[in-house]
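# Summary of structural features
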Amino acid sequence: MADDVFSDFESWGFETRAIHAGQPHDPVSGAVVVPISPATTFAQQEVGVHRGYEYSRTGNPTRSALQACLSSLEGAAHGLAFASGMAAEDTLLRTLLPGDHVILGNDAYGGTYRLVSAVVAPVGVTWTAVDLTDVDALASAMTPSTRMVWAETPTNPLLTVIDIDAVAEVTHASGALLVVDNTFATPYLQQPLSLGADVVVHSTTKYCGGHSDVVGGFLALDDDELAAKLEYLQNAVGAVGSPFDNFLTTRGLKTLPVRMDRHCDNAAAVVELLIDHPRVAEVLWPGLPTHPGHDVAARQMSGFGGMVSLRLSGGRDAAMRFAASTKVFTLAESLGAVESLIEHPGAMTHASAAGSPLEVPEDLVRLSVGLESKVDLIDDLSLALDQL
Ligand SMILES: *Cc1c(COP(=O)(O)O)cnc(C)c1O
């Protein structure tokens, strides 16, 4: 593959771009993997004349590769990588000014809720939590100061599906921006910009990195003016990941398509077990025809994902015991990696939302279905359920 074809990567298929976009062979050695560039500073030929890099917070070649690759996968003109999903979210929220208003989905990630309610709100930004499956409720919650509607789909941890196209229409009618957290679906299953979103947010810590070994975040968008503002903030605030972090995330993206196919498959097998089990009161997975968001998910996603939540008939106590009794599923926070994880959102990831409009049910258990053998996953869950 000649190096010059790399400038033309937008014509390639998703899987090819996941491996090659933004990653020309190293011009010095021919290395097929983008080098980790730890340099903090870059030589200038004359004052202000350089090869595109001055200082590593401002720009770094390893980060550039990740930004080019993931923005290409999202079909975005611009991409910015950060040290964590929260750092990406914080940088985006810094475009707001006192008096501005944000609408947050009422089932947002606990950390997003905490950032908006406890960090951004005290500085003078107001917010409202709204059920974004109800576009009339959204329309009536919009105020003349609403600048942003912040949606996740599918949501964490209730796996509610939001109709991006319908929410975009209401959001844009008031001149606000639609932000979609695409962490659960990934660009392989869903591309929010093509459905009307303005900014895509990722915790790349999850499926994009995919191996539970790197924390990172990402913003993808088309608008040149907003991108320039965010690039300014990325440098001015400086919440950027290390070159090694960026390398790991870029490596993770190469296998995103094959991993997501298997995550979806294994999740479907797990759901089949859960749906018939007497100890399980409800299974939440957009692939189930009985899921209220199934039709929207089938339209806007190319697969139903690897996250499955369930409610146990024995309430909080059964949920806590179940979460602590599996062996292949590790009891841990986080999601989206090769190993299967189980957690109790009410007491773990979403504990900060207790007592708020975003509180999650106490009998809820969340599974991140990994890439182990299907038989082992099913045996593990059924043994733990049978012992309840
Ligand atoms: C984990 C997560 C975040 C936060 O990302 P970090 O990388 O942990 O900072 C944001 N949104 C969703 C949906 C998440 O799952």
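From a predicted model like this one, the values you see are computed outputs, not experimental measurements. (Residues numbered from 1 in each chain as written. Predicted model: local features only at pLDDT ≥ 70, side-chain atom pairs only at ≥ 80, totals over all residues. Heavy atoms only, no water.)

## Examining the sheet that holds strand 2 (residues 101-105)
- Spatial ordering of the open sheet is given by 1-7-6-5-4-2-3, a layout of seven strands whose pairing is mixed. Each edge of the sheet is formed by a strand with only one pairing partner; in this case those strands are strand 1 (78-82) and strand 3 (126-130). Each adjacent strand pair in this sheet contributes to an overall mean axis angle of 20 degrees, direction not counted.
- Where strand 5 (residues 177-181) lies against strand 6 (residues 199-203), three bridges are found, and the strand directions are parallel. (Pairing = 2+ DSSP bridges. Helix = DSSP H or I, 4+ residues; strand = E, 2+ residues; numbered from the N terminus. Axes fitted to C-alpha atoms, helices over the stretch in contact; angles between N-to-C directions.)

## Concerning the pairing of strand 12 (residues 364-368)
- Counted residue by residue, strand 12 has five buried out of five residues, so it is predominantly covered.
- Because side chains alternate across strand 12, one face comprises the buried residues Leu364, Arg366 and Ser368, and the other comprises Val365 and Leu367, equally buried.
- In this sheet, strand 12 lies alongside strand 11 (residues 341-343) in antiparallel orientation, the contact comprising three bridges. Paired with Ile342 across the bridge in strand 12 is Leu367. (Buried < 20%, exposed > 50% of the residue type's maximum accessible area, 1.4 Å probe, protein only.)

## Here we look at the nonpolar core
- Ranked by internal contacts, the top residues of the largest apolar core, which has 32 residues, are Leu70, Leu73, Leu253 and Leu256.
- Broken down by secondary-structure element, the contributors of at least two residues to this core are helix 1 (14-20), helix 2 (61-73), helix 7 (186-189), strand 7 (217-221), helix 10 (256-275) and helix 11 (294-300).
- Ranked by the residues each element gives to this core, the list is headed by helix 2, at four residues.
- When residues of this core are sorted by domain, at least three fall in each of domain 1 (3-254) and domain 2 (256-386).
- Other than its neighbours up to four places away in sequence, Leu256 contacts Phe14, Thr186, Pro187, Tyr188, Tyr207 and Cys208.
- Listed in part, the 28 residues of the second largest apolar core include Leu219, Leu226, Ala353 and Leu358. (Core = buried A, V, L, I, M, F, W, Y, C linked by side-chain atoms within 4.5 Å. Domains from an automatic or database assignment. Contact = heavy atoms within 4.5 Å.)

## As for the site of the ligand
- Near the ligand, the surroundings consist of 15 residues, among which Gly85, Asp181, Ser203, Thr205 and Lys206 are the closest.
- A distance of 2.9 Å is found between an oxygen atom of the ligand and a backbone nitrogen or oxygen belonging to Met86.
- Between the ligand and Ser203 there is a distance of 2.8 Å, counted from an oxygen atom to a side-chain nitrogen or oxygen.
- Expressed as a share of its isolated accessible area of 380 Å², the protein-covered part of the ligand is 92%.
- The element that contributes the greatest number of residues to the shell around the ligand is helix 3 (residues 85-93), accounting for three residues. (Near = heavy atom within 4 Å. Polar contact = N/O pair within 3.5 Å; in protein donor to acceptor, adjacent residues only side chain to side chain. Areas by Shrake-Rupley, 256 points an atom, 1.4 Å probe, with all protein chains shown as cover.)

## Focus on the domain arrangement of the protein
- Domain assignment breaks the protein into domain 1 (3-254) and domain 2 (256-386).
- The straight-line distance from the C-alpha centre of domain 1 to that of domain 2 is 26 Å.
- Each side of the interface is counted separately: domain 1 has 43 residues, and domain 2 has 42 residues.
- Together, the buried faces of domain 1 and domain 2 total about 3,300 Å²; carbon and sulfur atoms form 65% of this surface.
- By the criterion of area lost to domain 2, the three top residues of domain 1 are Leu159, Leu189 and Tyr207, representing 23% of everything that side buries.
- Linking domain 1 to domain 2 there are one salt bridge.
- Ionic pairing is found between Asp163 and Arg299, a salt bridge with its closest N-O pair at 2.9 Å.
- Linking domain 1 to domain 2 there are 16 residue pairs in polar contact (both at pLDDT 80 or more).
- Among the elements that make up the side of domain 1 that touches domain 2, the one with the highest residue count is helix 7 (four residues). (Buried area = accessible area lost by both parts, 1.4 Å probe. Salt bridge = Lys/Arg side-chain N within 4 Å of Asp/Glu carboxyl O.)

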